[in-house]
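Descriptive structure summary
Given next are the chains, with one letter for each unit.
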Amino acid sequence: GESVGLHLPTLSVQEGDNSIINCAYSNSASDYFIWYKQESGKGPQFIIDIRSNMDKRQGQRVTVLLNKTVKHLSLQIAATQPGDSAVYFCAETVHSGTYKYIFGTGTRLKVLA
Amino acid sequence: EAGVTQFPSHSVIEKGQTVTLRCDPISGHDNLYWYRRVMGKEIKFLLHFVKESKQDESGMPNNRFLAERTGGTYSTLKVQPAELEDSGVYFCASSQNSGNTIYFGEGSWLTVV
């Protein structure tokens, strides 16, 4: 869904199902991308990253896909668990004199028991 | 190894008062970043230090915000005088090399009343 004002896009997933969180990035020159997970009351926690010379990278239960043609990044979480409930942010890294990390608005993942 | 630590974790101040936030980066990390997340919106860049030098301060909202990193170790972010719209979560992050993963602290949650 659209992010309007205070409302984050929300994805509700049944426990055990797979989750796919999407992110559109803005700069075609971005060469490094990171997914972060932010639980309530905590700081963003690194999940997985990918460089622009790759289109897929797998971690433990997570996979990041990068489509540079349409400037799209996705995070796939296999067998979603209640502990996966959080806000997920993607970040792109742009180099213009110095490296700048630009964050998306975030997607709230709710895991339904 | 200790992560990025921030102090205070929570602060409630009156409009017009001054608050100073402190960040201790991961040991050995030359790059230190300040970010802010206001009312559930995206994580927005404030500034970037490389050692004690301000590499990029383009995200600082106005001259009521002053960041320092004397000696290239910990950093402080002072807001003086605080306004209501300054309420939010102030995150500090650090990285060893610019362009690589940045690691966040738990944030300093500021409420201006």
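Fair warning: this is a prediction, and the values are worked out from it, not measured in the lab.

1. Observations regarding the overall build of chain B
- Along chain B, the regular secondary structure elements total 0 helices and 11 strands.
- Against the compact-globule benchmark of 13 Å for 113 residues, chain B has a radius of gyration of 13 Å, which places it among compact chains.
- For chain B, the spread of C-alpha atoms along the principal axes amounts to about 40 × 25 × 25 Å.
- Counting every position in chain B, which comprises 113 residues, the buried fraction comes to 49%.
- Across chain B, contacts joining residues at least 24 apart in sequence account for 52% of those joining residues at least 6 apart.

2. Considering the nonpolar core
- In terms of nonpolar packing, the biggest core is built from 21 residues, with W34(B), L46(B), L47(B), M60(B), L77(B) and Y90(B) touching the most fellow members.
- Going through the elements one at a time, β3 (19-24), β4 (31-37), β5 (43-50), β7 (65-68), β8 (75-79), β9 (88-95) and β11 (108-112) of chain B are the ones with two or more residues in this core.
- In this view, M60(B) contacts L46(B), L47(B), F65(B), L66(B), A67(B) and L77(B); residues no more than four positions away in its chain are not counted.
- Counting 19 residues, the second-largest nonpolar core is a separate cluster that includes V13(A), C23(A), L66(A) and I77(A).

3. Section: the confidence of the model for chain A
- For chain A, the mean per-residue pLDDT works out to 89, and 94% of the residues sit at or above 70.
- Confidence drops under pLDDT 50 across residues 1-6 of chain A; counting only partners more than four residues distant or on other chains, this segment forms 6 contacts.

4. Here we look at unusual backbone geometry
- Omega for the bond connecting F7(B) with P8(B) falls within 30 degrees of zero, at -5°, which places this linkage in the cis form.
- Mapped onto the elements of the fold, P8(B) is located in the loop between β1 (5-7) and β2 (10-13).
- Put simply, Q80(B) and P81(B) share a cis peptide bond, and its omega is -10°.
- Here P81(B) is to be found in the loop between β8 and β9.
- Unlike most non-glycine residues, R61(A) shows phi in positive territory, near 70°.
- Note that R61(A) resides in the loop between β5 (56-58) and β6 (62-67).
- In this structure R61(A) comes out as partly exposed when scored by relative accessible area, which is 30%.

Reading the values: the criteria
For every chain, the first residue of its written sequence is number 1, and the numbers climb from 1 along that sequence. Here chains are named by letter from A upward and ligands by number from 1 upward, in the order in which they appear as written. A pLDDT threshold of at least 70 governs which residues receive local features in this predicted model, and a stricter bar of 80 or more applies before side-chain atom pairs are shown or counted, although totals over entire chains, interfaces and linings include all residues. Excluding hydrogens and water, the side-chain figures rest on all heavy atoms present in the structure. Runs of E in the DSSP output that reach at least two residues are strands. Runs of H or I that reach at least four are helices, and both are numbered from the N terminus. We compute the radius of gyration from the C-alpha atoms alone; for a globule the expected value is 2.2 Å times N to the 0.38, where N is the number of residues. The buried label goes to any residue with under 20% of its type's maximum accessible area, the exposed label to any with over 50%, and the partly exposed label to all in between, with areas taken from a 1.4 Å probe on protein chains only. Only heavy atoms matter for contacts: two residues are in contact if any of them lie within 4.5 Å across the pair. In this text, buried Ala, Val, Leu, Ile, Met, Phe, Trp, Tyr and Cys residues form a nonpolar core when linked through side-chain atoms within 4.5 Å. Looking at any residue, its pLDDT shows the predictor's confidence there, from 0 to 100.

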